[in-house]
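Here are the chains, one letter per residue:
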Amino acid sequence: MSKSKRREVVASVEEAASKIESGMTVAIGGFGADNHPMAMVREIIRNGVTDLTLVGSATAGLEIDLLIGAGCVKKLICSYVGQELYCPIGHNFRKYSEAGELEVWECSEYTLYAGLFASASGSEFFAWRGGVGTSIPELNPDMVKFIDPIGGEKEILAVPPIRPDWAIIHVGWSDCYGNGQHLGARYGDRWLARAATRIMLQTERVVPNEVIRKNPLMTTIAYADCVVEAPYGSHPYAAHAMYKEDVEFIQDYVACSAANRKGDSKTWDAYLKKHVHDPKDHVAYLETVGIERLLGLYTHPTITW
Amino acid sequence: MTDHSWKEMMAVVFAREIEDHHKITSGAHTEIFFAATMLAQKTHAPNLKLQLGGSVALCNVTDMEIPELPKTSTGYEILRYAESIHDHADTFLFYGAPGGADYYKNPDKYKDVNHFWFADKFFVGGIQADKWGNTNMIGLSDGKKMTFRGPGTIGINDTAIGVVDQYAFITAHDKRRLVENVDYISAPGQKIAREKQFNGNGTKWIVTPKCIFDFDPDTLEARLAQLFPGVTIEDVKENTGFEVNVSDALSTIEPPNKDELEVLRNEVDKTGVLRH
């Protein structure tokens, strides 16, 4: 046996959330109605963090809308906020951006990836054609048009780096050294993680290192700086291979956030109180959801080996 | 005439556009495109290379049972139909030759088709579409500032540069949505696609609940090309915010036939998501 000992990075939700400070740039993983690190999101709101620059996933869901509605966000880097058929456009996203209280760094899915890749690769910018001929460069002066320098004449966009202080990513499982494995689709999570200075994994389970070594091909994010165990941590959204989204819960969110947009802040405040502020921690939150409801969301594991 | 819903008709209309050698990316939203692409694989395009599920899954359902159409683009159900799941950024990259049985038998026939662009067809939504086929997901403006915040462009402009044909899809036909010029452009139509030298052609059709517009090859402006059964030219003119030019080849869309409806209802949309 070696005399040296590896550093373990497991922390509680509270310890991890205390690292997210007002004014930081924070990326939130997941995609659409899936794999968002909601236990962390709720704790960040409870801490009263403000003025965040949020980097949403390419198709961000209402986890971003919740943070906006809770007053945490100053600027948003994101190409979509909504929940498709449940909610085509996030209501708080609309409310705050239409009122001029939310700065939106207009981008598309791949211009977002271009910025993340520029950050991950230490480049000054990453070049991409998508966005040429659209209103994106007018709305977002950080993107600069240039002409193909290799003898061409086509217009290209230079997208500057997007560098989150932290990327918070939900995985199926991780070991105590920060090696996380997605058990379903990973969407844009690897790119958010690679672009960030530090990585926080929210995991359904902390598993022994041997489980990770059994199939290192499945490791999507290695050596995260912090690992937080939060079973059902994506609720009300799905976690691939674990549980599906809680449709009624999402519909209730949509109704309450719609009320907020239309000026009924009472309904919205009551929502935040009930689902975010009153439960003292993640377990207390799950208790308010109820065991029967949570078990009803169970899905058969999709990926096994 | 068969008894069918508008959504079923749309699914069939799009399925007919799909050929066996195509590559398709169907991004977010709407069960109609899930149904159209799955219907095509189960009828005439079993080799269709199909990206679904937030476009991170390559799916083939030719020999698979579909208990229920997926409700969201990221639903875990889609993983069941997947043969590959990749990083979302890979969605926008080339994923192989045209494929399709005939491509390998008669390669000469496919010399000029899409070898290197990432998809042949893509369906884009919009809160507005204009006579140039530009679509807008960004928002509405009073000329000075954004008065209505739209959902965001998602990846439609990223697809626009490399997809051969994009189909703009507007869910209600009125003067607010079909306009002279969109307030913001999120996916360009044919004119801009040509000016900016995109690999793709830009918008091929604008599809609404009333009709299909295609584009005049000379002016690159929209023209009324096909009407849904029961809709009149006047009806379209009255509800469109730009001057409606009518194609010389104007036709009425053939409603779904018995065979198409049978596969759609019995194998693709068993629970009748599209029927209402």
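Everything numeric in this text was worked out from a predicted model, so none of it was measured. (Residues numbered from 1 in each chain as written. Chains lettered and ligands numbered in written order. Predicted model: local features only at pLDDT ≥ 70, side-chain atom pairs only at ≥ 80, totals over all residues. Heavy atoms only, no water.)

Engineer: How should the interface of chain B and chain A be read in this particular structure?
Structural biologist: By a widespread convention, an interface's size corresponds to the accessible area lost as its parts come together. Contacts between the two partners involve 43 residues from chain B and, on the opposite side, 51 residues from chain A. Buried area between chain B and chain A, summed over both chains or domains, comes out near 4100 Å², and the portion from carbon and sulfur atoms is 58%. Counting every contact that joins chain B to chain A gives 23 residue pairs in polar contact (both at pLDDT 80 or more). Sorting the residues of the side of chain B that touches chain A by element identifies β9 (146–149) and α5 (156–160) of chain B as the ones contributing at least two each. In terms of residue count, the dominant contributor to the side of chain B that touches chain A is β9 of chain B (3 residues). The residue makeup of the side of chain B that touches chain A, split by class, is 18 nonpolar, 19 polar and 6 charged. (Contact = heavy atoms within 4.5 Å. Buried area = accessible area lost by both parts, 1.4 Å probe. Polar contact = N/O pair within 3.5 Å; in protein donor to acceptor, adjacent residues only side chain to side chain. Helix = DSSP H or I, 4+ residues; strand = E, 2+ residues; numbered from the N terminus. Nonpolar A, V, L, I, M, F, W, Y, C, P; charged D, E, K, R; others polar.)

Engineer: Would you mind going over the packing of aromatic side chains with me for this structure?
Structural biologist: Between two aromatic rings, the relevant description is the distance of the centres plus the angle of the planes. What the rule picks out here adds up to 25 aromatic pairs over all chains. Ring centres of F123 of chain B and Y167 of chain B lie 5.8 Å apart, and the angle between their planes is 45 degrees; on these two criteria the pair is classed as tilted. Pair noted here: F123 of chain B is in strand β5 (residues 119–125) and Y167 of chain B is in strand β10 (residues 163–169), with a separation of 44 residues, a long-range link. With respect to class, F123 of chain B is no different from Y167 of chain B; both count as buried. Between F213 of chain B and F242 of chain B the ring centres are 5.5 Å apart and the planes differ by 55 degrees, which places this aromatic pair in the tilted class. Of the two residues, F213 of chain B is situated in strand β13 (residues 211–215) and F242 of chain B in the loop between α7 (233–238) and β15 (245–252); the sequence distance between them amounts to 29 residues. Neither F213 of chain B nor F242 of chain B differs from the other in exposure class; each is buried. Pairwise contacts between aromatic rings join Y110, Y113, F117, F126, W128 and W191 of chain A together with F92 of chain B into one cluster. Over the aromatic face of Y177 of chain A sits the side chain of R6 of chain A, whose NZ or CZ is 3.9 Å from the ring centroid. (Phe/Tyr/Trp six-rings, centres within 6.5 Å; stacked < 30°, edge-to-face > 60°. Buried < 20%, exposed > 50% of the residue type's maximum accessible area, 1.4 Å probe, protein only. Lys NZ or Arg CZ within 6 Å of the ring centre and 35° of its normal.)

Engineer: Explain the sheet that holds β10 of chain B to me, please; I cannot follow it from the model alone.
Structural biologist: The pairing of strands in a sheet happens through backbone hydrogen bonds and is either parallel or antiparallel. Residues and elements named next belong to chain B. Read from one edge to the other, the open sheet built from 10 strands follows the order β4-β3-β2-β1-β5-β10-β12-β13-β14-β15, with strand pairing classed as mixed. The open sheet is flanked by β4 (82–85) and β15, the only strands paired with a single partner. Averaged over neighbouring strand pairs, the angle between their axes works out to 25 degrees when direction is ignored. Note that β10 and strand β12 (residues 203–207) share 4 bridges and pair parallel. Bridge pairing in β12 links Q166 to T203. Against the sheet, helix α2 (residues 31–43) touches β1 (23–25), β2 (49–52), β3 (57–59), β5 and β10, its axis set at about 155 degrees to β2. (Pairing = 2+ DSSP bridges. Axes fitted to C-alpha atoms, helices over the stretch in contact; angles between N-to-C directions.)

Engineer: Even after reading the chapter, I still don't get the pattern of salt bridges, so can you show me in this structure?
Structural biologist: When their charged atoms lie close together, side chains carrying opposite charge are able to pair. Taken as a whole, this structure holds 26 salt bridges over all chains when the rule is applied. The salt bridge involving D281 of chain A is made with K280 of chain A; its shortest N-O contact spans 3.4 Å. Residues K204 of chain B and E17 of chain B are paired through a salt bridge, measuring 3.0 Å at the closest nitrogen-oxygen approach. Taken together, the residues K204 of chain B in strand β12 and E17 of chain B in helix α1 (residues 6–17) connect sequence positions 187 residues apart. Take K204 of chain B: its relative accessible area is 28%, and that puts it in the partly exposed class. When salt bridges that share partners are traced, they join R186 and R190 of chain A together with D87 of chain B into one network. (Salt bridge = Lys/Arg side-chain N within 4 Å of Asp/Glu carboxyl O.)

Engineer: Teacher, can you tell me more about the packing of helix α3 (residues 62–69) of chain A against helix α4 (residues 91–98) of chain A here?
Structural biologist: Geometrically, a packed helix pair is captured by the angle between its two axes and the distance between the axes. Residues and elements named next belong to chain A. Their axes nearest at 7 Å, the elements α3 and α4 cross at an angle of 45 degrees. Considering their axes alone, α3 and α4 lie oblique with respect to each other. As α3 runs across α4, the sense of the crossing is left-handed. Across the interface between the two elements, D65, I68 and G69 from α3 touch H91, N92, F93 and Y96 from α4. Here the contact of α3 with α4 is built from residues that sort into 3 nonpolar, 3 polar and 1 charged. (Parallel < 35°, antiparallel > 145°, perpendicular 65-115°, else oblique. Left-handed = near helix turned anticlockwise from the far one by under 90°.)

Engineer: Help me understand the state of the cysteines in this model?
Structural biologist: As used in these notes, a disulfide is a covalent bond between sulfur atoms, one from each of two cysteines. As enumerated under the stated definition, the model contains 0 disulfides over all chains in all. Here C87 of chain A stays free of any disulfide, with the sulfur of C256 of chain A as its closest cysteine sulfur at 12 Å. (Disulfide = S-S within 2.5 Å.)

Engineer: Just checking my understanding: could you explain helix α9 (residues 247–261) of chain A for this structure?
Structural biologist: Every α-helical turn comprises 3.6 residues, leaving residues that sit three or four positions apart pointing alike. Residue and element names in this part refer to chain A. Along its 15 residues, α9 runs 21 Å from first to last C-alpha, staying within 8% of the 21 Å computed at 1.5 Å per residue. Buried residues of α9: F249, I250, Y253, V254, C256, S257, A258, A259 and N260, and no others. Contacts made by the buried residues of α9 are with α3, α4, α10 (265–277), α11 (282–289) and α12 (291–295). A positive backbone phi angle near 105 degrees is found at G263, which sits one or two residues after α9. (Expected span 1.5 Å × (residues − 1).)

Engineer: Looking at this structure, how should I read the layout of surface pockets?
Structural biologist: A probe matching the size of a water molecule, rolled over the atoms, marks out where space remains unfilled. Within this model, the second largest pocket holds a volume of roughly 310 Å³. For the second largest pocket, the lining is made up of 17 residues, of which E103, V104, E106 and L139 of chain A together with M146 of chain B are closest to its centre. Listing elements by their share of the lining of the second largest pocket, those giving two or more residues are α4 and β5 (103–106) of chain A together with β9 of chain B. For the lining of the second largest pocket, the class distribution of residues is 7 nonpolar, 2 polar and 8 charged. (1 Å grid on protein atoms, 1.4 Å probe; cavity = no way out; pocket = protein on both sides within 12 Å on 5 of 7 lines; lining within 4 Å. Points joined across faces, edges and corners; volume = space filled by probe spheres on them.)

Engineer: Explanation requested: the pairing of strand β14 (residues 222–227) of chain B in the structure shown.
Structural biologist: A regular strand places its side chains on the two faces of the sheet in alternate fashion. Residues and elements named next belong to chain B. Sheet topology places β13 next to β14; 5 bridges connect them, and they run antiparallel. Residue pairing for β14: C211 is matched across the bridge by L227. Between the end of β13 and the start of β14, which pair antiparallel, lie 6 residues, with L220 showing a positive phi angle near 65 degrees. Relative to β15, β14 runs parallel, the two being bridged by 4 bridges. If you follow Q226 over to β15, its bridge partner there is S251. This β-α-β element, β14 to α7 to β15, shows right-handed connectivity. (Right-handed = clockwise from strand over helix to strand, strands pointing away.)

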